[in-house]
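Read off the chains here:
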Amino acid sequence: MPITEASNGAAQHGGAALVLQKLTKEYTRSNPVLRGIDLSVAARGVTAVIGPSGTGKSTLIRCINRLVEPTSGRVLFHGEDITTLKGQALRRTRRRIGMIFQEYNLVERLSVMENVLSGRLGYVPVWRAWLRKFPREDVERAFGLIERVGLADHYSKRADALSGGQRQRVGIARALAQRPELLLADEPTSSLDPRTSVEIMELISELGAEMNLPVIVNIHNVELARRYAQRIIGMKDGAIVFDGKPGDLVESHLKFIYGGEDWL
Ligand SMILES: Nc1ncnc2c1ncn2[C@@H]1O[C@H](COP(=O)(O)OP(=O)(O)OP(=O)(O)O)[C@@H](O)[C@H]1O
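Parameters and conventions
Residues numbered from 1 in each chain as written. Predicted model: local features only at pLDDT ≥ 70, side-chain atom pairs only at ≥ 80, totals over all residues. Heavy atoms only, no water. Pairing = 2+ DSSP bridges. Helix = DSSP H or I, 4+ residues; strand = E, 2+ residues; numbered from the N terminus. Buried < 20%, exposed > 50% of the residue type's maximum accessible area, 1.4 Å probe, protein only. Core = buried A, V, L, I, M, F, W, Y, C linked by side-chain atoms within 4.5 Å. Contact = heavy atoms within 4.5 Å. Axes fitted to C-alpha atoms, helices over the stretch in contact; angles between N-to-C directions. Near = heavy atom within 4 Å. Polar contact = N/O pair within 3.5 Å; in protein donor to acceptor, adjacent residues only side chain to side chain. Areas by Shrake-Rupley, 256 points an atom, 1.4 Å probe, with all protein chains shown as cover. Nonpolar A, V, L, I, M, F, W, Y, C, P; charged D, E, K, R; others polar. Expected span 1.5 Å × (residues − 1).

Participant: In this structure, what is going on with the pairing of strand β9 (residues 231-236)? I would like to understand it.
Facilitator: For a regular strand, the rule is simple: side chains alternate between the two faces of the sheet. Examined bridge by bridge, strand β3 (residues 45-50) and β9 share four bridges and lie parallel to one another. Considered in β9, the bridge of Thr-47 is made with Arg-231. With five bridges joining them, β9 and strand β10 (residues 239-244) adopt antiparallel strand pairing. Each residue of the ladder has a partner; that of Ile-232, found in β10, is Gly-244.

Participant: How should I be thinking about unusual backbone geometry in this particular structure?
Facilitator: A negative phi angle is the norm for most residues apart from glycine, just as the trans form is the norm for most peptide bonds. In this structure, Lys-22 is a non-glycine residue whose phi angle is positive, near 45°. Residue Lys-22 is classed as exposed on the basis of its relative accessible area of 59%. With phi around 60°, Asn-212 is a residue other than glycine that occupies positive phi space. As for its position among the elements, Asn-212 is in the loop between α7 (194-210) and β8 (214-218).

Participant: Sorry, what's going on with the nonpolar core here?
Facilitator: One broad rule of soluble globular proteins: the nonpolar side chains tend to lie buried together. Within the largest apolar cluster, 47 residues are counted, with the highest numbers of intra-cluster contacts made by Ile-50, Val-116, Ile-172, Leu-176, Leu-183, Ile-219 and Leu-249. At six residues, the largest contribution of residues to this core is made by helix α6 (residues 164-177). For Ile-50, the contacting residues outside a window of four places in its chain are Lys-57, Ile-219, Val-222, Ala-225, Ile-232, Ile-233, Gly-234, Met-235, Leu-249, Leu-254, Ile-257 and Tyr-258.

Participant: Where do I start with the sheet that holds strand β7 (residues 182-186) in this structure?
Facilitator: In a beta sheet, neighbouring strands are held together by backbone hydrogen bonds and run either parallel or antiparallel to one another. A sheet is described by the order of its strands in space; here six strands give the open sequence β6-β7-β8-β3-β9-β10, paired in mixed fashion. The strands lining the two open edges of the sheet, one partner per strand, are β6 (97-101) and β10. Each strand axis lies, on average, 20° off the axis of its neighbour in the sheet, ignoring direction. Judged from the five bridges that link them, β3 and β8 form a sheet pairing that is parallel. By the bridge assignment for β8, Val-49 is matched with Asn-218. Sitting on the sheet, α6 is in contact with β6 and β7, with an inclination near 170° to β6.

Participant: Where do I start with the pairing of β6 in this structure?
Facilitator: Counting buried positions along β6 gives five out of five residues, so the element sits mostly inside the fold. Side chains of β6 alternate between two faces, with Ile-97, Met-99 and Phe-101 and Gly-98 and Ile-100 buried alike. With five bridges connecting them, β6 and β7 associate as parallel partners. Opposite Gly-98, over in β7, you have Leu-183 as the bridge partner.

Participant: What's the story with the sheet that holds strand β1 (residues 16-28) in this structure? I'm lost.
Facilitator: The four strands are arranged β2-β1-β4-β5 in an open sheet whose pairing can be described as antiparallel. The two strands at the open ends of the sheet, each matched to only one other strand, are β2 (31-42) and β5 (80-81). Examined bridge by bridge, β1 and strand β4 (residues 72-77) share five bridges and lie antiparallel to one another. Its bridge partner being in β4, Leu-18 is matched across the sheet by Phe-77. With respect to the sheet, helix α1 (residues 57-64) is in contact with β1, β2 and β4, its orientation differing from that of β1 by roughly 120°.

Participant: I would appreciate a short explanation of the site of the ligand in the present structure.
Facilitator: Surrounding the ligand, one finds Tyr-27, Val-33, Pro-52, Ser-53, Gly-54, Thr-55, Gly-56, Lys-57, Ser-58, Thr-59, Glu-187 and His-220. Note that an oxygen atom of the ligand is positioned 2.8 Å from one of the backbone N or O atoms of Ser-58. The side chain of Glu-187 places a nitrogen or oxygen atom 3.5 Å from an oxygen atom of the ligand. Calculation on the ligand without its partners gives an accessible area of 630 Å², and the protein chains cover 55% of this total. For the shell around the ligand, the element with the most residues is α1, which contributes three residues. Taken together, the residues of the shell around the ligand break down into three nonpolar, seven polar and two charged.

Participant: When you look at helix α5 (residues 136-148) in this model, what are you seeing that I'm missing?
Facilitator: Owing to its 3.6 residues per turn, the α-helix aligns residues three or four sequence positions apart on the same side. Under the 1.5 Å per step criterion, the end-to-end length of α5 is 18 Å for 13 residues, consistent within 8% with the ideal 18 Å. Along α5, the residues that are buried comprise Asp-138, Arg-141, Ala-142, Gly-144, Leu-145 and Ile-146. Among the structural elements, α3 (112-117) and α6 are those in contact with the buried residues of α5. Once α5 ends, the next one or two residues include Gly-150, with phi positive near 90°.

Participant: When you look at the environment of Arg-158 in this model, what are you seeing that I'm missing?
Facilitator: One can find Arg-158 in the loop between α5 and α6. Among the residues examined, Arg-158 registers a relative accessible area of 42% and is labelled partly exposed. In this structure, the C-alpha to C-alpha distance between Arg-158 and Arg-109, residues 49 residues apart in sequence, is 5.8 Å. Each residue touching Arg-158, except ones within four places of it in the same chain, is listed here: Glu-108, Arg-109, Leu-110 and Ser-111. A polar contact of 2.7 Å, which involves the side chain of Arg-158, links it to the side chain of Asp-160.

What follows is the structure, encoded as structure tokens:
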């Protein structure tokens, strides 16, 4: 089954799908975790966000879909400021942004298929969702995605019967089932072994390219970031301190971002 490409209106906004302007976040007053982030993300390609623990990478990713409320600044998604949206308008915009989580966030007692279809729940009328009935085209798309992420033999298995790598494949298929125009991944490989991490990053980058989607991935593993991203953002203390191509990221940048050199 062909997987439809996202309708990409970014060209109307100078080629950027997402623009962050002076984005700040303080969980506690006068203690900024994000310090005025300015960032423009193109309509395609993988952008990796790296940086030490606690530097605000997850907060940044989560401010984009407002799982975390920014304290100030703007998040322009295809030109629309989503920091001001409420209620249905916010839910509608959120559906256009797919999210992959470190701990998968699956419903353990539901099947692979049901988990993937839940990515479409925002679109289905409440009574239909309650009856767990989905339009045929959603079911076909979910099958196509399950096959594409390599789980064709497992679609009726419960999520709690899967390995970590298989769960993350479900997480990827679920995020894509909602036909997003932007894909966010918050530490998608942190709970996985090295080989599975490579497979998952490969899948995310391939599917992003196939569906013409910009992908922003927050990742600890610098080598994986170099291998799969076209752009690397280095963060330190809530600010962007490196922004460039993987080939431009040299040892001195890493020493600055992570501090010291004994770990290198
Ligand atoms: N809900 C919250 N309430 C209060 N403080 C928080 C909350 N979430 C994160 N923080 C704090 O904000 C800072 C940045 O956290 P964040 O998770 O964004 O960093 P990170 O770079 O993603 O770290 P890691 O790589 O360890 O996941 C940390 O000091 C963290 O303790």
